[in-house]
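Observations on chain architecture
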Amino acid sequence: MASSKDKYETFLINNVSTISTLESSLRSITWFLPGRFKDAELASEALTSLLNVTSMYHDTLLARIVKANASYRPLIPTSLHTRYTRAWTDKNTLYRLTSRVLQIIRFTELVVEMGLRRKVSEKTRWRAVILLEAIKAALRLFLLKVTRRPLLSPPIPEREFDPASLPSLSTTSSPTLAPSSPQASPPMTPDHLRNNHVPLPPHPLLTSAQANVSAEDYLLPKALTTSSVKPSISLMRKLSGPRDWLSETIFILRPLVYASLVAADRRSLERSNRAITIVLLMEFASRSLRRTPPASAELERAEYAKRDKDILWYLLRGSIWNSYTRPKLESFVTRTAHTPLLGLFGALLKDWMPLIDDYYYYTAP
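Residues numbered from 1 in each chain as written. Predicted model: local features only at pLDDT ≥ 70, side-chain atom pairs only at ≥ 80, totals over all residues. Heavy atoms only, no water.

Per an unreviewed UniProt entry, the protein chain goes by the name Peroxisomal membrane protein PEX16 and belongs to Psilocybe cubensis. Database annotation for the protein chain, UniProt heading Subcellular location (unreviewed entry): "Peroxisome membrane". Turning to the protein chain, the UniProt annotation filed under Sequence similarities (unreviewed entry) states: "Belongs to the peroxin-16 family." (UniProt positions renumbered as here; feature names shortened; annotations may be inferred.)

And the structure:
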């Protein structure tokens with residue numbers, strides 16, 4: 001098993017550019033599969049889940065290689081999200097395992113629902129959905145207990161660089177690989193050093209366009225911010241009181257409450273707005289209870305802004321989708337059926353609309 005793992009890692013390192021391109025191409029294809037043949041949506045989601053899980057493993061391996069060799073570290077500083085989540089991943093083993101299990105569930109939950117819809121009854125499928133939401137809520141509450149800080153989404157570091165931009169990864173050392181042989185030929189001279197007779201361009205402050213710009217105005221955007229010098233784990237402040245804890249707990253429990261209410265309403269013959277109403281009340285209660293971060297808390301402000309934008313997903317849920325959004329999209333598809341380009345987009349939209357009706361996890365909180 002170890003030998004197979006070593007061989008796979010060697011193959012990944014030696015073909016990192018090709019694998020990255022292949023991942024991107026396959027992700028693009030999955031958008032056009034639904035509606036093309038029987039069970040096309042299952043094939044599309046299974047491929048997406050497989051790509052997400054393998055990409056997470058590839059990111060872990062590449063991050064380990066880049067960390068081991070300073071020459072491969074990107075020149076552009078990593079984002080605050082990556083700094084914070086990587087700090088917790090490196091510091092706390094329980095955080096690392098829990099966050100990865102949570103992400104794997106999120107990557108595979110839709111394909112699990114699709115498989116259950118084909119094999120078991122509707123009642124059993126919704127029991128499985130509620131069980132998945134309960135597991136996710138428990139994992140998030142555990143992460144909240146470990147960090148004692150607001151949770152980020154996703155809780156693991158994201159890929160922020162193009163693997164193809166890392167030169168000669170095959171020459172780097174890996175914890176599971178033997179050192180490779182040295183390069184056969186000396187490195188080529190960079191283009192900007194081949195001709196030292198070409199004068200350098202004038203400094204921006206000396207050009208006419210920047211003549212009226214003061215030194216302070218030029219240097220201020222390049223100055224380090226408070227977040228740039230903070231310890232990575234301190235980028236998110238600890239929850240300071242019962243109000244903060246209540247806000248985060250309500251936010252974490254929303255998906256479980258929503259899935260439970262949707263499952264209960266489906267057993268009723270009458271359509272009900274109870275699920276969407278209660279979860280929206282929870283959403284706004286969490287938002288009103290949460291603290292207002294200071295201007296220096298860039299990461300916390302970014303997370304809260306992301307949560308606010310995610311409220312737009314309620315346009316694709318419950319009675320809002322059935323009574324408002326879906327009719328408007330159907331009208332758009334009908335009006336653009338014979339319009340170039342827009343007609344193609346409308347046809348793609350028409351293939352995806354039934355999936356929102358049939359599967360909970362396409363638009364789940």
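Summed over all chains, the structure comprises 18 salt bridges. Ionic pairing is found between E248 and R307, a salt bridge with its closest N-O pair at 2.9 Å. Of the two residues, E248 is situated in helix 10 (residues 242-266) and R307 in helix 12 (residues 298-310); the sequence distance between them amounts to 59 residues. With relative accessibility at 5%, the residue R307 sits in the buried group. (Salt bridge = Lys/Arg side-chain N within 4 Å of Asp/Glu carboxyl O. Helix = DSSP H or I, 4+ residues; strand = E, 2+ residues; numbered from the N terminus. Buried < 20%, exposed > 50% of the residue type's maximum accessible area, 1.4 Å probe, protein only.)

The subject of this paragraph is the nonpolar core. Residues Y84, Y258, L299, Y360, Y361 and Y362 are the most contacted members of the largest nonpolar core, which totals 43 residues. For this core, the elements supplying multiple residues, two or more each, are helix 4 (80-91), helix 5 (93-119), helix 6 (122-147), helix 10, helix 11 (274-289) and helix 14 (342-358). It is helix 6 that provides the largest number of residues to this core, a total of seven residues. (Core = buried A, V, L, I, M, F, W, Y, C linked by side-chain atoms within 4.5 Å.)

Before going further, it helps to examine the packing of helix 10 against helix 11. At a minimum axis separation of 9 Å, helix 10 and helix 11 run at an interaxial angle of 175°. By the angle between their directions, the pair helix 10 and helix 11 is classed as roughly antiparallel. Classifying every residue of the contact of helix 10 with helix 11 gives 15 nonpolar, three polar and six charged. (Axes fitted to C-alpha atoms, helices over the stretch in contact; angles between N-to-C directions. Parallel < 35°, antiparallel > 145°, perpendicular 65-115°, else oblique. Nonpolar A, V, L, I, M, F, W, Y, C, P; charged D, E, K, R; others polar.)

Our focus in this paragraph is the packing of aromatic side chains. Overall, the coordinates contain seven aromatic pairs when judged by the stated rule. Ring centres of W126 and Y360 lie 5.5 Å apart, and the angle between their planes is 70°; this geometry places the pair in the edge-to-face category. Residue W126 is found in helix 6, and its partner Y360 is found in the segment after helix 14; the two are separated by 234 residues along the sequence. Like Y360, W126 is buried. Through successive ring pairs, a cluster of aromatic residues spans W126, Y258, Y360 and Y361. Its end group placed over the ring of Y359, R117 keeps NZ or CZ at 5.3 Å from the ring centre. The ring centre of F251 lies 4.0 Å from the NZ or CZ of R307, which sits over that ring. (Phe/Tyr/Trp six-rings, centres within 6.5 Å; stacked < 30°, edge-to-face > 60°. Lys NZ or Arg CZ within 6 Å of the ring centre and 35° of its normal.)

All right, on to helix 2 (residues 16-30) then. For helix 2, with 15 residues, the first-to-last C-alpha span of 21 Å sits near the 21 Å given by 1.5 Å per residue. Taken as a whole, helix 2 has its buried residues at V16, I19, S20, E23 and T30. Looking straight down helix 2, one finds that the buried residues subtend no more than 100° of arc, so they occupy a single side. (Expected span 1.5 Å × (residues − 1). Arc of directions from axis to C-beta.)

In this section: the side chain of T98. For T98, the position within the fold is in helix 5. Of the residues examined, T98 reaches a relative accessible area of 10% and is grouped as buried. Once residues lying within four places of it in the same chain are set aside, the contact partners of T98 are L139, F142 and L143. (Contact = heavy atoms within 4.5 Å.)

Take helix 6 next. Between its first and last C-alpha atoms helix 6 spans 38 Å; for 26 residues at 1.5 Å apiece the expected length is 38 Å, and the two agree. Against the buried residues of helix 6 lie helix 4, helix 5, helix 10 and helix 14. Positive phi shows up at R148, right after helix 6, with a value of about 60°.

On to unusual backbone geometry, then. Cis geometry is found at the peptide bond from S153 to P154, where omega equals -5°. Its location among the elements puts P154 in the loop between helix 6 and helix 7 (191-194). At R148, a position not held by glycine, the phi torsion is positive, near 60°. Tracing the backbone shows R148 in the loop between helix 6 and helix 7. Unlike most non-glycine residues, L341 shows phi in positive territory, near 65°. Of note, L341 is situated in the loop between helix 13 (318-335) and helix 14.

Taken together, the side chains of L312, L315 and Y324 define a hydrophobic patch exposed on the protein surface, amounting to about 320 Å² of accessible area. Relative to the elements of secondary structure, L315 occurs in the loop between helix 12 and helix 13. For L315, a relative accessible area of 37% puts it in the partly exposed group. (Patch = residues over 30% accessible without salt bridge, like charges linked within 9 Å, V, L, I, M, F, W, Y side chains within 5 Å. Areas by Shrake-Rupley, 256 points an atom, 1.4 Å probe, with all protein chains shown as cover.)

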